[in-house]
Amino acid sequence: MDGTQSSNNSETDIWSEAGTTRVPFQVYQDAEIYAQELEKIFYGSSWNYVGLECEVPNSGDFRRNFIGEREVLMIRKGDGALSVVENRCAHRGAQLCQTLSGNAGSAIMCPYHQWTYTLDGELTGMPFKRGINGKGGLNPDFDMKAHGLVALRVESLNGVVFASFDHDVPTLKEYLGPDMVKYFTRIFNGRGLRVVGYERQVIDCNWKLQMENLKDPYHAGILHLFLISFGLFRLDQESKCLVDDSKGHSVLMTNKGTEEGKEDTGGVKIAAPDFALTDHDLIQPRLEFGDNTTLSIQTLFPSIIIQAQCNTLATRQVIPKGPGSHELVWTFFGFKDDDDEMKNLRLRQANLMGSAGYVTLDDAEALEFSQVGLSGSSAGDAAVLEIGGTDCESNDHLVTESLIRGFYMKYRDIMGHGKAGA
Amino acid sequence: MDQSEISQPVTDDVVLRRIERLQLNYISSIDEGPLDNWPHFFTDKCLYTVVSRDNFDRGMELGVMRFESVGMLIDRATATQHAAVFAPRIIRHLLGPTLVDDTGEGYRSRCNVAIYQTSPDGDTMLLMTAIYNDLIVEQDGVLKFKEKRVIYDTHRIPDSIVYPL
Ligand code: FES
Ligand SMILES: [Fe+2]
């Protein structure tokens, strides 16, 4: 396809140009586009984060999660391997497990009519299979093998587990590409992981706005008065913005500046100048990854973010809940061999992040302002993404929207919305 | 919180009324402001955490807020008022009756709380239900929180948490 000209699909017409400097507001609110995103992106050829291996250490342990709007279970099997199955009974569709996590023992049993499955999702039996006294029950030629749970393809990389509904998807490492694997394994470097705790929050905006926010270094040096005031983030800091070859993944990294130099804020109004912070630990990271980077945010298509701000580490999973809302699940983690000081730092620096975070509170609010602002817009109205030019390339500066433009290149490609960049 | 605490139920009405008043003044510093007063309900060294019941039951201490001194509480009050961007809102705490035990180290006070939030458009929603599990001590004739743990049930929080709870 070539831009909007040769389109035989009306959705492609919403993009006014071949590139991605204009993102039509429909993609944030149209129910039909949303339904297609679920099918083509989340249930298609993508790898989706489902959790950390350390969340399911023992045989039978499960963690319930979402891919798109479908519920899945990440399960530790008897042989130590992992399976991911859909949390929906093959009989009449009941939800199998209700708790967020637990132990299923050696089999998954549906609470409704007790159909029973292996931890891989194979159907093994049900009560009254042969009826009573030869009456009732299942037809003898009922094919048990054809009625298992939907099983997903699973891969894990240094303790982080991904799954795909598409069994023909390229390997996880191919999907991420060498650059993204390099930054992924900078954090997940093989050290044993531990969960520090969870936070969950509903943010009433389209899931893509959340992804955009983490691909938007431009806002971070403007919106986040707290970061700017204490030198944790400024747009003039030594930094990197990397977009991978597929354009869908990215990482942005900065090195902390000093607390002085509040004048270098590019005209941004900062907090009261006499606001001195009592808790300096909050902004004094202990370098732990062998470099001077104090903030790194990696976003992997479609919907997982890996955050390392000072020593507060977390995966942030974006779960779509209709066109106008999403759930954000934060899994704060550390390493098994963290010393006491580090354990305490991770708890205290978590004040920066999460639903009440000094930093992320601003984001959630601004994202809701966006959704409110764009709803009711007319066809043809679009977001303008021209900060840092029109391309989707990597940069050594932060005043750019190229990471977001990259995301929409990949998005258009998968959605069949014309050929981006043509 | 310590299981080994030896505690006696407090039946002295004067003490109970003082603790109830402390809690009411505390929520008023948030609901009615000014927020600058909020840190001073705590002892210099203290523990203020807001932890989901989900984390708490898993033995995880991670909270949406965790402050260990009055200074850190002042940081939060100042940041909320001068270094944060959010839509204005009204917060309203509703407290249930308080159970008080004397632990020897201070008064252990527990009460249920429902916290509502009202948007600029005038819509009110339930932000969370929670329990306050507090350790209260007397300092120079004034009751203060040495610990305040807000353990909230609503672990899928329907919005951001702007103000302390
Ligand atoms: S719906 Fe699961 S056994 Fe019937
Ligand atoms: Fe942000």
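Residues numbered from 1 in each chain as written. Chains lettered and ligands numbered in written order. Predicted model: local features only at pLDDT ≥ 70, side-chain atom pairs only at ≥ 80, totals over all residues. Heavy atoms only, no water.

## Quick notes on the nonpolar core
Here is step 1 of the chain: Within the largest apolar cluster, 147 residues are counted, with the highest numbers of intra-cluster contacts made by A:Phe162, A:Phe188, B:Tyr26, B:Trp38, B:Phe42, B:Tyr48 and B:Leu165.
Here is step 2 of the chain: At 8 residues, the largest contribution of residues to this core is made by helix 2 (residues 172-187) of chain A.
Here is step 3 of the chain: Both domain 1 (48-155) and domain 2 (185-415) of chain A contribute no fewer than three residues apiece to this core.
Here is step 4 of the chain: Of all hydrophobic cores here, the second largest spans 16 residues; its members include A:Val85, A:Cys89, A:Trp115 and A:Leu119. (Core = buried A, V, L, I, M, F, W, Y, C linked by side-chain atoms within 4.5 Å. Buried < 20%, exposed > 50% of the residue type's maximum accessible area, 1.4 Å probe, protein only. Helix = DSSP H or I, 4+ residues; strand = E, 2+ residues; numbered from the N terminus. Domains from an automatic or database assignment.)

## Here we look at the domain arrangement of chain A
In many analyses, interface size is given as the accessible surface area lost on bringing the parts together.
Residue and element names in this part refer to chain A.
Here is step 1 of the chain: Domain parsing of chain A yields domain 1 (48-155) and domain 2 (185-415).
Here is step 2 of the chain: For domain 1 versus domain 2, the separation of C-alpha centres amounts to 36 Å.
Here is step 3 of the chain: The contact between domain 1 and domain 2 buries some 1,100 Å² in all, and 58% of this surface belongs to carbon and sulfur atoms.
Here is step 4 of the chain: Counting every contact that joins domain 1 to domain 2 gives 0 salt bridges.
Here is step 5 of the chain: Counting residues per element, the ones that place at least two in the side of domain 1 that touches domain 2 are strand 2 (48-52) and strand 3 (61-67). (Buried area = accessible area lost by both parts, 1.4 Å probe. Salt bridge = Lys/Arg side-chain N within 4 Å of Asp/Glu carboxyl O.)

## Describing the side chain of A:Glu199
Here is step 1 of the chain: Note on placement: A:Glu199 falls in strand 12 (residues 193-203).
Here is step 2 of the chain: Buried charge without a salt bridge: A:Glu199, with B:Arg76 as the nearest opposite-charge side chain at an N-O distance of 9.5 Å.
Here is step 3 of the chain: A polar atom in the side chain of A:Glu199 sits 2.7 Å from the backbone nitrogen of A:Ser355.
Here is step 4 of the chain: For A:Glu199, the residues in contact, after removing those within four places along its chain, are A:Leu328, A:Val329, A:Trp330, A:Phe332, A:Met353, A:Gly354, A:Ser355, A:Ala356, B:Leu62, B:Gly63 and B:Val64. (Lys, Arg positive; Asp, Glu negative; His and termini not counted. Polar contact = N/O pair within 3.5 Å; in protein donor to acceptor, adjacent residues only side chain to side chain. Contact = heavy atoms within 4.5 Å.)

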